[in-house]
Amino acid sequence: MADRVALVTGVTGQDGSYLAEFLLGKGYRVYGLIRRLSSPNVTHISGFREKIEILDADLMDQVSLNEAIRRSSPDEVYNLASQSFVGASFSQPVLTGEVTGLGALRLLEAVRTQAPHARVYQASSSEMFGHVDREPQNELTPFHPRSPYGVAKVYAFWASINYREAYSMFISNGILFNHESPRRGLEFVTRKISDGVARIALGQAQSLSLGNLDAKRDWGYAPEYVDLMWRTLQHPTPGEFVGATGESHTVREFVEEAFRVVGIENGMSHVTSEAKFHRPSEVYNLRGDASKAARELGWVPKVKFKDLVRIMVRADLQRLSGRTN
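Residues numbered from 1 in each chain as written. Predicted model: local features only at pLDDT ≥ 70, side-chain atom pairs only at ≥ 80, totals over all residues. Heavy atoms only, no water.

Visitor: Which parts of the structure should I look at to understand the sheet that holds strand β6 (residues 170-176)?
Guide: Within a beta sheet, neighbouring strands are joined by backbone hydrogen bonds and run either parallel or antiparallel to one another. One open sheet accounts for seven strands, arranged β3-β2-β1-β4-β5-β6-β11; its pairing is parallel. Since the sheet does not close on itself, it has two edges, and those belong to β3 (53-56) and β11 (240-243), each with one partner. Pairs of neighbouring strands in the sheet enclose a mean axial angle of 20 degrees, with direction left out of account. In the packing of helix α7 (residues 222-234) onto the sheet, contacts are made with β4 (76-79), β5 (119-125), β6 and β11, and the angle to β4 comes to roughly 140 degrees. (Pairing = 2+ DSSP bridges. Helix = DSSP H or I, 4+ residues; strand = E, 2+ residues; numbered from the N terminus. Axes fitted to C-alpha atoms, helices over the stretch in contact; angles between N-to-C directions. Contact = heavy atoms within 4.5 Å.)

Given below as structure tokens:
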């Protein structure tokens, strides 16, 4: 039996790189879609770059997507590419809509015309829930997005369902709550914390500036969540699946736990909350119910909150320990 072929958009990001590694381990032939830049950041895939086949394409360019799907002829497509930083979506709302929303639609159209039998995974987000009126949130919870990013993800979510129903395509939405790792970008709050606390512990910094310390999130470990993505496309029928730990913690709790890892007492004295890092409209209490994924896909996350913080802080300590700035 020939190897299955998977196309991963956003392959250089946190999720894309972990997923590509995961799929290679399963014996897949993996294509990674990269937007052409003069110097693309391929750090996360450097360890296995020669094992995947890179295709140049852009979610804002239909022709390049059509060609990428035609060339790869995939059995499975994982759309993980987006403008994914919520804060930036407020300053770049149109770009976010083009990439995160319409970009997903363009990819669906490319699959419809070039590889209609491929199974498609659309990376949806807990940010779609936004201003919630119930906890925990599951596949049936109404959406009330509170950012241009969340709005764009809702568009991509419903576009996926529309294509599934209109063209009988196998398209599933993974509504994943926050999932972190040492590969998280430094602009994201968890990585900003782990990097900042590590710098303070090493004497490379004195303070850490953050935004809203009271926002609560359901934080999991990214490598476990790419397993859920894969399981979603192995299911006999397409559908929607929430990925979450079922626990929520505040940003403040994340900071306190990070300082605990490095043995600094009264760590909050090093932290300031600045208005410039607050969102115009905040999301406060996201906590997911992944019981459907457990029941139908056999997926249960194992890495707990304190373990996640420890993994991230120790990784940044190791990365920074040989530096002086």
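Visitor: Looking at this structure, I do not really get the nonpolar core. What am I missing?
Guide: As a rule of thumb, nonpolar side chains are buried together in soluble globular proteins. By size, the foremost hydrophobic cluster in this structure holds 42 residues, and its most contacted members are Val8, Leu19, Leu23, Tyr78, Leu80, Tyr121 and Met229. With seven residues, α7 is the largest single contributor of residues to this core. Among all residues touching Val8, those that are not within four sequence positions of it are Gly16, Leu19, Leu23, Val30, Tyr31, Gly32, Leu33, Tyr78 and Leu80. Counting 24 residues, the second-largest nonpolar core is a separate cluster that includes Tyr31, Leu33, Leu55 and Ala159. (Core = buried A, V, L, I, M, F, W, Y, C linked by side-chain atoms within 4.5 Å. Buried < 20%, exposed > 50% of the residue type's maximum accessible area, 1.4 Å probe, protein only.)

Visitor: When you look at the pattern of salt bridges in this model, what are you seeing that I'm missing?
Guide: Side chains carrying opposite charge are able to pair once their charged atoms draw close together. Evaluation of the coordinates by the stated rule reveals 19 salt bridges. Residue Arg70 pairs with Glu67 through a salt bridge whose shortest N-O separation is 2.7 Å. Of this pair, Arg70 and Glu67 both sit in helix α2 (residues 62-72), three residues apart, which is roughly one turn of that helix. On the accessibility criterion, Arg70 (47% relative accessible area) is partly exposed. Look at Glu67 and you get partly exposed, because its relative accessible area is 34%. One network of salt bridges, with partners in common, ties together Arg191, Asp195, Arg199, Asp316 and Arg319. (Salt bridge = Lys/Arg side-chain N within 4 Å of Asp/Glu carboxyl O.)

Visitor: Looking at this model, I keep getting lost on the pairing of β5. Mind explaining?
Guide: For β5, the tally of buried residues reaches six of seven residues, placing the bulk of the element in the interior. Bridge count between β4 and β5: four bridges; the pairing is parallel. Bridge pairing in β5 links Asn79 to Gln122. Both β5 and β6 contribute to a ladder of seven bridges, which runs parallel.

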